[in-house]
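Coordinates in review
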Amino acid sequence: MNWGKSIVLSFVVFASFVGTMAYKMATAKVDLVRTNYYQKEIDFQQQIDRVNNSATFKNNKVMTYSPENQVLRIGFPTPVNKGEITFFRPSDKGLDFTIPIQKTTTFDYSTQKMQKGYWKVQVTWTDGRSEYYLEDELIIK
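Attention in this report is confined to the structure presented alongside it. (Residues numbered from 1 in each chain as written. Predicted model: local features only at pLDDT ≥ 70, side-chain atom pairs only at ≥ 80, totals over all residues. Heavy atoms only, no water.)

Our focus in this paragraph is the side chain of Thr-126. Along the polypeptide, Thr-126 turns up in strand 4 (residues 117-126). Looking at Thr-126, the relative accessible area reads 18%, which means it is buried. A polar contact is formed between the side chain of Thr-126 and the backbone nitrogen of Gly-128, at a distance of 3.1 Å. Reaching out from Thr-126, the side chain makes a polar contact with the backbone oxygen of Ser-130 at a distance of 3.0 Å. Dropping the residues within four chain positions of it, Thr-126 is found in contact with Pro-79, Val-80, Asn-81, Lys-82 and Glu-131. (Helix = DSSP H or I, 4+ residues; strand = E, 2+ residues; numbered from the N terminus. Buried < 20%, exposed > 50% of the residue type's maximum accessible area, 1.4 Å probe, protein only. Polar contact = N/O pair within 3.5 Å; in protein donor to acceptor, adjacent residues only side chain to side chain. Contact = heavy atoms within 4.5 Å.)

In the structure shown here, the tally under the stated rule is seven aromatic pairs. Here the aromatic rings of Phe-97 and Trp-119 are separated by 6.1 Å at their centres, their planes lie at 70°, and the arrangement is edge-to-face. One end of the pair, Phe-97, is in strand 3 (residues 97-110); the other, Trp-119, is in strand 4, and 22 residues separate them in sequence. Overall, Trp-119 belongs to the buried group, its relative accessible area being 1%. Measuring from ring centre to ring centre gives 6.4 Å for Phe-107 and Tyr-109, while their planes differ by 10°; the resulting arrangement is stacked. For Tyr-109, a relative accessible area of 22% puts it in the partly exposed group. A network of ring pairs unites the aromatic residues Phe-87, Phe-97, Phe-107, Tyr-109 and Trp-119 as a single cluster. (Phe/Tyr/Trp six-rings, centres within 6.5 Å; stacked < 30°, edge-to-face > 60°.)

Shown next as structure tokens:
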């Protein structure tokens, strides 16, 4: 085999590699964190107010996870009039889900059917006067 054929073969292998990588990148699944993030950005001042209202609760451990029982317990520092709990999976938006809550002070949720891995638990609630927001991380093993 002479040098000319080796150079042409090298170019063909390199072009095939670049073409394969371009195809894989073009067909890769890319999930945005939120589909309507422009509207969420407009409503962000309400979120800032919720976080500021919840600043006093940061020192208290509101969410506790028991891996033995596979139960997440949320003990609300104020009575819940209405709210929701969002289980957010950063790696796959198809696994995200939201649970509405009403008239409670504690909430227990079984994590047995949830996929193992990293989750963010985002809790938004109102006590009738103010709105609150807390977020915590959950790792299911």
